[in-house]
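Chain and residue survey
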Amino acid sequence: MATCVKLSTGALMPALGLGTWKSPPEKVRHAVMAAIDAGYRHIDGAYAYGNEHEVGTAIRQKIQQGVVKREDLFVVSKLWCTFHEKSMVKVGCQKTLDALKLDYLDMYLIHWPVGFKAGDKLIPLDENGHAIRSNSNILETWEGMEELMDASLVKAIGISNFNHAQVEAILNKPGLKYKPATNQISCNGENETCTGVPPPSRPCYPGRETHHPDLSSELSHHHGTVELDLLPTIRNPYAILPTVQALSVLHFLASDLFQITVECHPYLTQVKLVEYCQSKGIAVTAYSPLGSPDRSSAKPEDPCLLDDPSIKRIAAKYKKTSAQVLLRFQIQRNIIVIPKSVTPHRIKENFQIFDFKLTQDEMDTILNLNRNWRSCDMEICRNQEDYPFAAEF
């Protein structure tokens, strides 16, 4: 299966990354360092997570140690809702760059389609506990994002938690200069992993890798000899960084690719939204691919995806964990995954998903677990006109 997504910019976005949502600042630095040591090159973060300083410290430390170069990494962050006014977009981005101590981001997303009143509070609330919205317009916010591209502060721009009508609004925007490169959606997971875009002379991951047979000519162009099996030939294709022999690239229906990040997992399969986005050439990233079991809002009656009998049965067949099956499920749907973890052995374990393949019957079984259940519904914005989850998809 493919291990990278090729964006319209020509950059390669690793299909597996490290998520940092809910990672405490005192733990995330070690998590990012462990991930880079394990071979991760895609790191997903956000201003709202409150840990970008520590993420940046870990990145710089690994660069200083010579483990990676900046151009080996694919670093993603997100514009928070209080910076939606066009004049504030660059301010929000610069805060992230300052915290990370980086000169540029590989991908910058609009975190939510809802704008909040600008100010010091992350979520300004009214007397009823609802978020106070700003007078911003998402199309003007997008113009601010395009200016970041022109200023070379970011290499690609995308969106997160947008529904299909909101995606359409950007695609149909008069004078659109840059299409979103991604749409991040929630896929219910505890870990999210990402690797960065390597320089053109180097593939995403080292070691012997597998690739889609349809890409054999492209791989041969880059690397000479390629293997046509669909499964990777080593347990951890990221373990030996200096040696790289092949590269896999996810292909979508349109070559001018943009990216969206959304919640997506077997209890929220997002079939219509995923199909819509991919039909438009939009790469989909799934957050919470494991069901976000450690979320603070969890209720005793909430379902636990990791304990689902069907998932556990499939995991036992392949001698894998439930988490590995859930991540593999998304990869086979051509969806990028960014599982979050601060535990070194789980970070490594989440990488070991390229040495087995689910059957079509198993894929169908997992898809049929859908119950349209969200772990992250942004309840405080439900009364706002641009709340994304009121629509069917």
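Scroll up for the structure.
Before going into details, it helps to say that this report is about the structure given with it. (Residues numbered from 1 in each chain as written. Predicted model: local features only at pLDDT ≥ 70, side-chain atom pairs only at ≥ 80, totals over all residues. Heavy atoms only, no water.)

This paragraph deals with the overall build of the chain. Assigned secondary structure in the chain consists of 11 helices and 11 strands. By residue count, 57% of the 393 residues in the chain fall in the buried class. Partitioning the intrachain contacts of the chain with sequence separation of at least 6 by distance along the chain shows that 81% fall at a separation of at least 24. When the accessible surface of the chain is summed, it comes to about 15,600 Å², and 50% of that surface belongs to carbon and sulfur atoms. (Helix = DSSP H or I, 4+ residues; strand = E, 2+ residues; numbered from the N terminus. Buried < 20%, exposed > 50% of the residue type's maximum accessible area, 1.4 Å probe, protein only. Contact = heavy atoms within 4.5 Å. Areas by Shrake-Rupley, 256 points an atom, 1.4 Å probe, with all protein chains shown as cover.)

What follows concerns the pattern of salt bridges. For the coordinates displayed, the defined rule picks out 14 salt bridges. Between K173 and E143 there is a salt bridge, with its nearest N and O atoms 3.1 Å apart. Residue K173 is found in the loop between α5 (164-171) and β8 (182-186), and its partner E143 is found in helix α4 (residues 138-150); the two are separated by 30 residues along the sequence. For K173, a relative accessible area of 9% corresponds to the buried category. Residue class for E143 comes out partly exposed when judged on its relative accessible area of 25%. Among the salt bridges present, the one from K280 reaches E168, with a minimum N-O distance of 3.6 Å. Placement of the pair is K280 in the loop between α7 (271-279) and β10 (282-287) and E168 in helix α5, with a sequence separation of 112 residues. One connected set of salt bridges, linked through shared partners, spans K86, E143, E147 and K173. (Salt bridge = Lys/Arg side-chain N within 4 Å of Asp/Glu carboxyl O.)

An α-helical segment advances 3.6 residues per turn. Residues three or four places apart therefore align on the same side. In this model helix α3 (residues 86-100) runs 22 Å from its N-terminal to its C-terminal C-alpha over 15 residues, within 8% of the 21 Å that 1.5 Å per residue would give. Where α3 is concerned, the buried positions are V89, G92, C93, T96, L97 and L100. The buried residues of α3 all sit within an arc of 135° when viewed along its axis, so they share a single face. Close packing links the buried residues of α3 with α2 (52-64), β5 (74-79), β6 (107-110) and α4. Positive phi appears at K101, one or two residues downstream of α3, with a value of about 60°. (Expected span 1.5 Å × (residues − 1). Arc of directions from axis to C-beta.)

A full pass over the atoms with the stated rule returns 8 aromatic pairs. Ring centres of W21 and Y287 lie 6.3 Å apart, and the angle between their planes is 85°; on these two criteria the pair is classed as edge-to-face. In this pair, W21 sits in the loop between β3 (18-19) and α1 (25-38) while Y287 sits in strand β10, placing the two residues 266 residues apart along the sequence. Exposure remark for W21: the relative accessible area of 27% places this residue in the partly exposed category. Of the aromatic side chains, those joined through ring pairs into one cluster are W112, Y387 and F389. Of note, K22 hangs over the ring of W21, and the distance from its end group to the ring centre comes to 4.4 Å. (Phe/Tyr/Trp six-rings, centres within 6.5 Å; stacked < 30°, edge-to-face > 60°. Lys NZ or Arg CZ within 6 Å of the ring centre and 35° of its normal.)

Attention now moves to the side chain of E362. With respect to the helices and strands, E362 occurs in helix α11 (residues 360-367). A polar contact is formed between the side chain of E362 and the side chain of K317, at a distance of 2.7 Å. Discounting residues that sit within four places of it in the chain, E362 has contacts with I314, K317 and Y318. (Polar contact = N/O pair within 3.5 Å; in protein donor to acceptor, adjacent residues only side chain to side chain.)

This next bit is on the packing of α3 against α4. It is the contact of α3 with α4, at a shortest axis distance of 8 Å, that shows an interaxial angle of 45°. Put simply, α3 runs oblique to α4. Read as a crossing pair, α3 and α4 show a hand that is right-handed. Only E140, T141, E143, G144, M145, E147 and L148 of α4 make contact with α3, whose side of the interface consists of K86, V89, K90 and C93. (Axes fitted to C-alpha atoms, helices over the stretch in contact; angles between N-to-C directions. Parallel < 35°, antiparallel > 145°, perpendicular 65-115°, else oblique. Left-handed = near helix turned anticlockwise from the far one by under 90°.)

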